[in-house]
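One-letter residues, chain by chain:
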Amino acid sequence: MRSMNLIGRVLGVGCLALLACAPLAHAAPGGLPAPAAHADSSPEWENLRAKLFPSRAVDSTPGTVQIIAPLRAAYGASVPVKVVSKLPQSAQLYVKRLYLLVDKNPSPVAAVLELTPEVGQADFETRLRVDEYSHVRVVAELSNGQLHMDSRYVKTSGGCSAPPNRDALHLVGKTVLKVREPVAMNQPTPAEVTVLHPNDTGFELNQVTVMYIPPHYVRSIKVSYADRKVFDAELDFSISENPTLRFNFVPHGQGELKAEVEDTKDGRWVGTLALP
Amino acid sequence: MHRLAFLWCLAFWLVLAVPAVAAPGIPAAYAPLVVQPTGAPARHEFDLSAALERARRESKRLYVYLGAHNCPFCRRYEAFLEQNAAELVPHFAAQYIVVDLRSSLSVTAELLFIRIGERSLPYTDFQRAIGDERARMLVYPSVWLFDHEAKPLMQMPAGTGTFQTVPEQLEILRLEQ
């Protein structure tokens, strides 16, 4: 009776240890990033700001430019983002450049759009890949040199490594332009350009070969109307597959809306749409 | 005396040592309305009609959860709900009826049907009909938020990974976008 066998003693000690530990056991917190406010900075943004806009002030006061993005998107590989300019696009003062940034993406500069007053209204819509919980930012550079910024915090993940849609590789480069009818002369007119392209990031795994698919993405789209530049877009793989840009342009008469596209493998395509 | 202590301790050890296998599904504390599929194996149809009728009667919203018995991410979300039930249940109960659709990973988008009243649609068509961007891919687990007329209250993300903390789950219940 006095001599509990070895197993009993070990189990007894084990029980005591477990009893002692049990109240301290907690669930893992889930490993999600700490919450952040939409207007917060981040180390990545500070780094980007120093590189893109060295020694220049970036004004984040609301009122000049706004970015609209969901707090959570259906898929990280396709986060809808809208940029709204509060500034009328005039020859005297206009939005000259828009920088679209995703702080925590492997390549955070998703797009740089070089605009002219021909856009009429500097609003843009596209879809972004967001790889992890991150701020998505727009920086508007005005023709007078001022910089204005707005940001949204987006909670999603896996946007850069999501399995790509490879159903229509034979159509890669097909460039489609659409214009919302009726077209009003001398007014900002909504339009859309879509390039059928996988926009491979280099982080996607081919499920069959188990090899990473090399990066291959659209790097520029130049849009003009009647041979007048509307905007040039420098893009990166942070733009979702089948890159789409919704924009405005001001038609001054009959002409052709044209999009010239180039990708990272020197593929070149042109899409056109004649307007009456 | 020692023998009794030993046996008690052994039983206690075994209870702790064998990992508890939680039953699949939303924990009972959330009083889920469990919906089993009908029509298998040709189709797995989940009928939301009764849940919507109850939502109308009680002036509540629906928190529709699609889980699979063999899905590790479902178990993770259900465990999160279980562990935080004391904090979360009052928020769910105040505004939502939790509906637990019990499925399996073998039930793909083509096999999964959602019925509301007379209308039954396969997953992709259902998602398109309600304007849900997740039409492209069926992911387990999935959550929809509906009002009592089956109108989606907000676009939900694929999976539940972005709301597995209490503050984030509450964001979802408050429809923060």
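Since we're looking at a predicted model, the values are computed, not measured.

Quick notes on the rules
Residues numbered from 1 in each chain as written. Chains lettered and ligands numbered in written order. Predicted model: local features only at pLDDT ≥ 70, side-chain atom pairs only at ≥ 80, totals over all residues. Heavy atoms only, no water. Helix = DSSP H or I, 4+ residues; strand = E, 2+ residues; numbered from the N terminus. Buried < 20%, exposed > 50% of the residue type's maximum accessible area, 1.4 Å probe, protein only. Contact = heavy atoms within 4.5 Å. Areas by Shrake-Rupley, 256 points an atom, 1.4 Å probe, with all protein chains shown as cover. Disulfide = S-S within 2.5 Å.

J.: How would you summarise the overall build of chain B if you had to cite specific residues and measurements?
T.: Scanning chain B for helices and strands turns up six helices and seven strands. Taken from the N to the C terminus, the helices and strands of chain B come in the order α-β-β-α-β-α-α-β-β-β-α-β-α. Here chain B, with 177 residues, has 46% of them falling under the buried criterion. In chain B, the proportion of contacts linking residues at least 24 apart, taken out of those at least 6 apart, comes to 66%.

J.: A description of the overall build of chain A should follow, citing residues and the corresponding values.
T.: The helix and strand inventory of chain A stands at two helices and 14 strands. Taking all 276 residues of chain A together, the buried fraction comes to 47%. In chain A, 68% of the contacts between residues at least 6 apart in sequence involve partners at least 24 apart. Carbon and sulfur atoms provide 56% of the accessible area of chain A, an area that totals close to 13,400 Å².

J.: How would you summarise the state of the cysteines if you had to cite specific residues and measurements?
T.: All names here are of chain B. This structure, assessed with the given rule, holds one disulfide over all chains. Note that Cys-71 is cross-linked by a disulfide to Cys-74, the S-S spacing being 2.2 Å. A torsion of 90° about the S-S bond marks the disulfide between Cys-71 and Cys-74 as right-handed. Each member of the pair, Cys-71 as well as Cys-74, carries the same accessibility label: buried.

In short, the description is geometric, and any link to function would need to be established separately.
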